[in-house]
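Here's the letter readout for the chains.
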Amino acid sequence: MIEIVGLRKRFGAVTVLDGVDHQQAAGEVVALIGPSGCGKSTLLRCLNWLETPDAGSLRLGDVRIEAGTPEAADRRLRQQLRRRTGMIFQQFHLFPHRTALENVMEAPVHVDRLPLSEARELAMGLLSKVGLADRAQHLPSQLSGGQQQRVAIARALAMKPQILLCDEPTSALDPELRGEVLTVLQTLASEGMTLLLVTHELAFARDIAHRVVFLEGGRVVESGPTRAVLDQPRHPRLQEFLGKHRFTPQ
Amino acid sequence: MRRVPTLLLILLAWTAGLGSTAGTAPAPEPAIRQVLRWANDAEGGAPYIFHPPDNPDQLVGFEVELAQALCDRLGYTSQFVQYNWANLIPGLRQGGNYDIIIAALERTPENLAQVAMSRPYFTFGQQLVARTQDTNIQSLKDLAGRRIGVLASTLSHRLATQQGGVEVRVYDENVNYFRDLELGRIDAVLTDSPIATVQLKNRPNLRTAGPPFAHAHYAIAVPIGSPELLTRINEALGSLIQDGTLERIYRRYELWDPQQAALATWTAEAVPTTTSGAATAATKPAPVPMLRYFKILLEAAVTTLWVSLTSMALAMSWGLGLALARRHGPKPLRWMATLYIEVFRGTPLLLQLYFIYFGLAQQWGWKLSAGAAAVLTLGLNYAANEAENFRAGLEAIPRGQTEAALSLGLSPALTLRRILLPQALRISLPGITNDLIALFKDSSIVSVIGLVELTKEFLIRSLDAGDYIGLGILTAAIYLAMGHAASRAARALERRLRT
């Protein structure tokens with residue numbers, strides 16, 4: 001369903017992505033791990049063109065973009081890509097001037113032009129799904145971090161994305177608030193949602209992911225089924241990384 | 001005046017002492033002449049006091065020459081003091097800045113109540129001026145429902161106001177109302193006959209409408225309580241008239257006529273002179289009808305309010321355009337927006353107002369009404385500030401907001417409108433409110449193009465009533481009320497914009 005070939009991205013003199021290939025089937029959950037600065041977040045942000053890759057191609061369902069071509073500069077193509085992907089940010093990025101409900105309704109009403117009543121029904125359904133129906137009228141500033149991230153998930157789901165890109169969704173949260181977000185993601189995964197997840201929560205990755213991709217220096221160093229990668233790491237860099245995270249293979 | 005000789009004596013003694021201690025004192029200088037400081041407003045223009053266009057370093061005019069002749073006769077060194085015309089009398093009463101006023105002050109009971117006045121040095125009439133084609137204007141009566149320009153706080157001002165049914169536009173100086181008359185912004189000018197004589201020379205499309213009327217005198221103003229100085233000035237003036245000096249000066253300016261010749265036989269009996277000042281000063285002034293004045297000031301505040309609010313609306317929309325051009329526009333547009341902001345922030349508002357009101361009309365024939373010019377100038381000027389306010393607001397929004405909106409599929413335009421602008425406005429609002437309150441006060445600048453707003457009304461009325469404290473407090477209260485209402489409205493809007 002998603003296919004990346006030879007993706008490259010440089011920031012000035014620094015090569016962040018050095019030819020990354022990745023394929024992922026519908027309903028598959030993939031965890032992206034690696035030391036900080038390895039290009040995980042950049043890879044994710046290239047997938048919905050928040051960063052413009054320098055080279056490589058990207059196919060998501062029926063949308064295909066080849067970096068560096070004139071079509072890649074087309075705003076509509078970019079927007080099609082974004083409507084097929086949802087993104088969860090480390091810092092939530094809820095719209096602070098709108099209530100939880102309005103945050104979720106924003107895109108259905110103004111992008112999909114859904115009638116207000118339908119959009120409200122959709123949004124209330126999603127807020128219930130993340131367990132926040134009773135917080136619909138709250139402003140983001142009146143919600144805890146975990147609640148904000150759950151609203152952000154509902155907001156992303158409102159556009160019915162084919163894949164949900166999660167950029168360290170729990171890193172900004174206190175440990176006791178992480179559970180509620182992880183539970184929601186777990187539920188989504190069990191319902192067959194396609195997830196690409198940048199995370200440091202290796203235990204969670206083992207619970208939820210079908211596959212793990214280890215990225216370092218802008219390259220995929222090792223990838224494979226979750227247990228194989230996490231429990232029998234072959235590459236010394238991955239072994240070192242797992243050791244640093246005091247991750248005990250089972 | 002009494003202070004000057006004392007000061008001079010001290011100065012003289014000090015320089016003499018300095019000379020002797022230094023031991024280089026030359027032969028005694030010819031006695032240093034005392035200085036007589038006479039005040040006028042060089043904005044008064046020809047033929048009174050003006051800089052000739054071909055020699056702008058020089059100050060000439062019949063009052064300048066009269067002052068010189070008078071000082072010569074009195075044995076003083078003449079020293080000109082520039083002062084705002086409308087404030088000449090309060091300035092003299094306050095003392096310290098100048099000793100006498102020679103500035104076309106009318107010898108009226110109103111003025112005599114505040115200062116002592118000499119025998120007249122000039123007889124003038126009220127001259128109505130209209131456009132040449134506008135043949136049906138012959139007197140004040142023909143001006144019902146039309147606009148007339150007058151100089152603030154003059155006999156012309158009073159006569160035009162008394163006429164009723166005429167829209168009176170008040171000016172601060174003597175030239176611009178002729179310009180506005182030519183441009184059709186006003187329909188007539190009522191002014192002192194010498195001004196009309198000079199100005200009509202170079203304005204073929206204007207004409208005198210009817211003969212001069214309501215003749216009156218200009219006289220020299222002296223502080224109340226200086227009878228000795230007043231007597232000496234009267235004697236000197238008398239001798240200038242007798243020996244033909246005055247006639248020679250006036251002939252140079254083509255002002256000599258039988259009425260000026262009659263000044264020689266003028267007697268003080270008609271209006272009391274030397275004692276008048278002291279006498280009227282002793283009587284208590286009538287109490288100022290505050291409620292009447294409050295209503296008058298409120299009416300002027302309406303002008304302040306609509307000028308400020310319309311200007312602010314213009315400034316905010318134009319400023320937003322500039323901020324967006326500067327942030328998101330292509331390079332040439334960005335560069336132009338930056339240049340615009342620098343130019344409008346970096347040059348005086350008054351200069352911009354004159355450029356837009358007079359300059360555009362002169363150069364390209366764009367005859368803006370005073371109201372339109374005021375709103376346009378203030379709007380264009382404040383747009384530079386608002387652009388910076390908006391820019392600060394936009395820059396304060398975390399980049400993540402844009403990314404979150406884009407990742408949901410919102411277009412850049414929609415992101416700006418739905419997500420960024422409401423948040424930017426919320427951040428910029430305190431600065432914008434500040435500017436609006438500043439604008440309430442800055443809008444007083446439009447009085448220079450004849451709009452009477454709150455501050456101008458206060459200036460006019462406080463001169464009339466001779467009350468700066470009472471009317472000042474009333475005026476301040478109205479400004480405060482407007483500013484308070486603005487900040488209340490801003491806070492309500494902030495709550496609506498939330499976060």
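Residues numbered from 1 in each chain as written. Chains lettered and ligands numbered in written order. Predicted model: local features only at pLDDT ≥ 70, side-chain atom pairs only at ≥ 80, totals over all residues.

Q: Before we move on, can you summarise the overall build of chain B with the specific residues and values?
A: If you tally the helices and strands in chain B, you get 19 helices and nine strands. Here chain B, with 499 residues, has 39% of them falling under the buried criterion. (Helix = DSSP H or I, 4+ residues; strand = E, 2+ residues; numbered from the N terminus. Buried ≥ 20, exposed ≤ 12 C-beta atoms within 10 Å, placed from the backbone.)

Q: So, the overall build of chain A: which residues are in play, and what are the values?
A: Within chain A, the regular secondary structure consists of nine helices and ten strands. Taken across its 250 residues, chain A has 49% of its residues classed as buried. Pairs at least 24 residues apart make up 62% of the contacts formed inside chain A by residues separated by at least 6 positions. (Contact = placed C-beta atoms within 7 Å.)

Q: Before we move on, can you summarise the interface of chain B and chain A with the specific residues and values?
A: If you look at the interface, chain B gives 19 residues, while chain A gives 20 residues. Residues that form the side of chain B that touches chain A fall into these classes: eight nonpolar, seven polar and four charged. (Nonpolar A, V, L, I, M, F, W, Y, C, P; charged D, E, K, R; others polar.)

Q: Which residues make up the sheet that holds strand 3 (residues 29-33) of chain A, and what values do they have?
A: Residues and elements named next belong to chain A. Here six strands make up an open sheet; going across it, the order is 6-7-8-3-9-10 and the pairing mixed. Edge positions in the sheet fall to strand 6 (85-88) and strand 10 (219-225), since each of these pairs with one other strand and no more. Strand-to-strand twist across the sheet, computed as the mean angle between neighbouring axes with direction ignored, equals 15°. Direction of pairing for strand 3 relative to strand 8 (residues 195-198): parallel, over a ladder of four bridges. Looking at strand 8, one finds that Ala 31 is bridged to Leu 197. Taken strand by strand, helix 6 (residues 175-190) contacts strand 3, strand 7 (163-167) and strand 8, and its axis lies near 150° from that of strand 8. (Pairing = 2+ DSSP bridges. Axes fitted to C-alpha atoms, helices over the stretch in contact; angles between N-to-C directions.)

Q: Provide a residue-level description of the packing of helix 17 (residues 412-442) of chain B against helix 19 (residues 469-497) of chain B, including the pertinent values.
A: Packed helix pairs are specified by the crossing angle of their axes together with the interaxial distance, meaning the distance between the axes. Residue and element names in this part refer to chain B. As a packed pair, helix 17 and helix 19 sit with axes 10 Å apart at the nearest point and diverge in direction by 175°. With respect to each other, helix 17 and helix 19 are oriented roughly antiparallel. In contact with Pro 422, Leu 425, Arg 426, Leu 429, Thr 433, Leu 436, Ile 437, Phe 440 and Lys 441 of helix 17, helix 19 contributes Tyr 479, Met 482, Gly 483, Ala 486, Ser 487, Ala 490, Leu 493, Glu 494 and Leu 497. For the contact of helix 17 with helix 19, a count of residues per class yields twelve nonpolar, three polar and three charged. (Parallel < 35°, antiparallel > 145°, perpendicular 65-115°, else oblique.)

Q: Go over the confidence of the model for chain B with me, naming the residues and quoting the values.
A: Where the model shows low pLDDT, its predicted coordinates should not be examined in detail. Residues and elements named next belong to chain B. Per-residue pLDDT for chain B has a mean of 86; in total, 88% of the residues score no lower than 70. Within the model, the stretch residues 1-9 combines pLDDT values under 50 with nine contacts to residues more than four positions away or in other chains. Contacts of residues 11-30 to residues separated by more than four positions or lying in other chains number three contacts, the stretch itself having pLDDT below 50. Complex prediction metrics read pTM 0.73 and ipTM 0.93. (pLDDT = per-residue confidence, 0-100.)

Q: Before we move on, could you go through the domain arrangement of chain B and cite the residues and values that matter?
A: All names here are of chain B. We note that the domain assignment places domain 1 (3-121 + 217-282), domain 2 (124-215) and domain 3 (290-497) within chain B. Domain 2 and domain 3 are separated by 34 Å when their C-alpha centres are compared. Taken residue by residue, the interface counts eleven residues in domain 2 and ten residues in domain 3. Counting residues per element, the ones that place at least two in the side of domain 2 that touches domain 3 are strand 6 (167-171) and helix 6 (176-183). Of all the elements, strand 6 adds the most residues to the side of domain 2 that touches domain 3, at three residues. (Domains from an automatic or database assignment.)

Q: How would you summarise the environment of Pro 90 of chain B if you had to cite specific residues and measurements?
A: Of note, Pro 90 of chain B is situated in helix 3 (residues 88-94). Taking the C-alpha atoms as reference points, Pro 90 of chain B and His 328 of chain B, separated by 238 residues in sequence, lie 55 Å from one another.

Q: Give a detailed account of unusual backbone geometry, specifying residues and quantitative values.
A: In this structure, His 93 of chain A is a non-glycine residue whose phi angle is positive, near 55°. A positive phi angle is found at Ala 104 of chain B, which is not glycine, with a value near 55°. Inspection of the secondary structure assignment puts Ala 104 of chain B in the loop between strand 3 (100-101) and helix 4 (109-112). For Ala 104 of chain B, a count of 25 C-beta atoms within 10 Å puts it in the buried group.

Q: For the nonpolar core, give the residues involved together with the corresponding values.
A: All names here are of chain B. Ile 101 and Ala 188 are the most contacted members of the largest nonpolar core, which has 203 residues in total. Considering every element that reaches this core, the biggest residue donor is helix 15 (residues 370-396), with twelve residues. Discounting residues that sit within four places of it in the chain, Ile 101 has contacts with Trp 38, Ala 39, Leu 88, Leu 92, Ile 220 and Ala 221. (Core = buried A, V, L, I, M, F, W, Y, C linked by C-beta atoms within 7 Å.)

Q: Any details on the sheet that holds strand 1 (residues 2-11) of chain A? Residues and values, ideally.
A: Residue and element names in this part refer to chain A. Pairing is antiparallel across the open sheet formed by four strands, whose spatial order is 2-1-4-5. In this open sheet, the two strands that pair with only one neighbour each are strand 2 (14-24) and strand 5 (63-66). Averaged over all pairs of adjacent strands, the angle between their axes in this sheet comes to 15°, without regard to strand direction. As judged from the eight bridges shared by strand 1 and strand 2, these two strands associate in the antiparallel manner.

Q: An account of helix 5 (residues 155-163) of chain B is requested, with residue identities and associated values reported.
A: Residue and element names in this part refer to chain B. Taken as a whole, helix 5 has its buried residues at Leu 155, Ser 156 and Ala 160. Down the axis of helix 5, the smallest arc covering the buried residues is 130°, so these residues share one side. Tucked inside the fold, the buried residues of helix 5 contact strand 4 (116-131), strand 5 (147-151), strand 6, strand 7 (188-192) and strand 9 (213-222). Following helix 5 by one or two positions, Gly 164 has its phi on the positive side, about 75°. (Arc of directions from axis to C-beta.)

Q: Account for the pairing of strand 6 of chain A, naming residues and giving values.
A: Along a regular strand, successive side chains alternate from one face of the sheet to the other. All names here are of chain A. The alternating pattern of strand 6 places Thr 85 and Met 87 and Gly 86 and Ile 88 on opposite faces, both of which are buried. Across four bridges, the pairing between strand 6 and strand 7 is parallel. Each residue of the ladder has a partner; that of Gly 86, found in strand 7, is Leu 164.

Q: So, the environment of Gly 450 of chain B: which residues are in play, and what are the values?
A: Topologically, Gly 450 of chain B is positioned in the loop between helix 17 and helix 18 (454-465). Excluding anything up to four places from it in sequence, Gly 450 of chain B contacts Gly 149, Arg 169, Val 170, Tyr 171 and Ala 370 of chain B.

Q: If you had to explain the packing of helix 15 of chain B against helix 17 of chain B to someone new, which residues and values would you point to?
A: Residue and element names in this part refer to chain B. For the pair helix 15 and helix 17, the least separation of the axes is 8 Å and the interaxial angle reads 150°. One way to sum up the angle between helix 15 and helix 17 is to call them roughly antiparallel. Relative to helix 17, helix 15 is oriented so that their crossing is right-handed. On helix 17, the residues touching Leu 378, Tyr 382, Asn 385, Glu 386, Asn 389, Phe 390, Ala 392, Gly 393, Leu 394 and Ala 396 of helix 15 are Leu 420, Ala 424, Leu 425, Ile 427, Ser 428, Gly 431, Ile 432, Asp 435, Leu 439 and Asp 442. Taken together, the residues of the contact of helix 15 with helix 17 sort by class into twelve nonpolar, five polar and three charged. (Left-handed = near helix turned anticlockwise from the far one by under 90°.)

Q: For helix 7 (residues 193-201) of chain B, give the residues involved together with the corresponding values.
A: When helix 7 of chain B is considered as a whole, its buried residues turn out to be Ser 193, Pro 194, Ile 195, Ala 196, Val 198 and Gln 199 of chain B. In this fold, the buried residues of helix 7 of chain B make contact with strand 4, helix 6, strand 7 and strand 8 (206-208) of chain B.

Q: Pulling in residues and values, what's your account of the environment of Gln 58 of chain B?
A: All names here are of chain B. Along the chain, Gln 58 falls in the loop between strand 1 (34-40) and helix 2 (62-74). A residue is classified by how many C-beta atoms lie within 10 Å of it, and Gln 58, with 10 of them, is exposed. Between the alpha carbons of Gln 58 and Trp 85 there is a distance of 20 Å; along the sequence they are 27 residues apart. Those residues in contact with Gln 58, other than ones at most four positions away along the chain, are His 51 and Pro 52.

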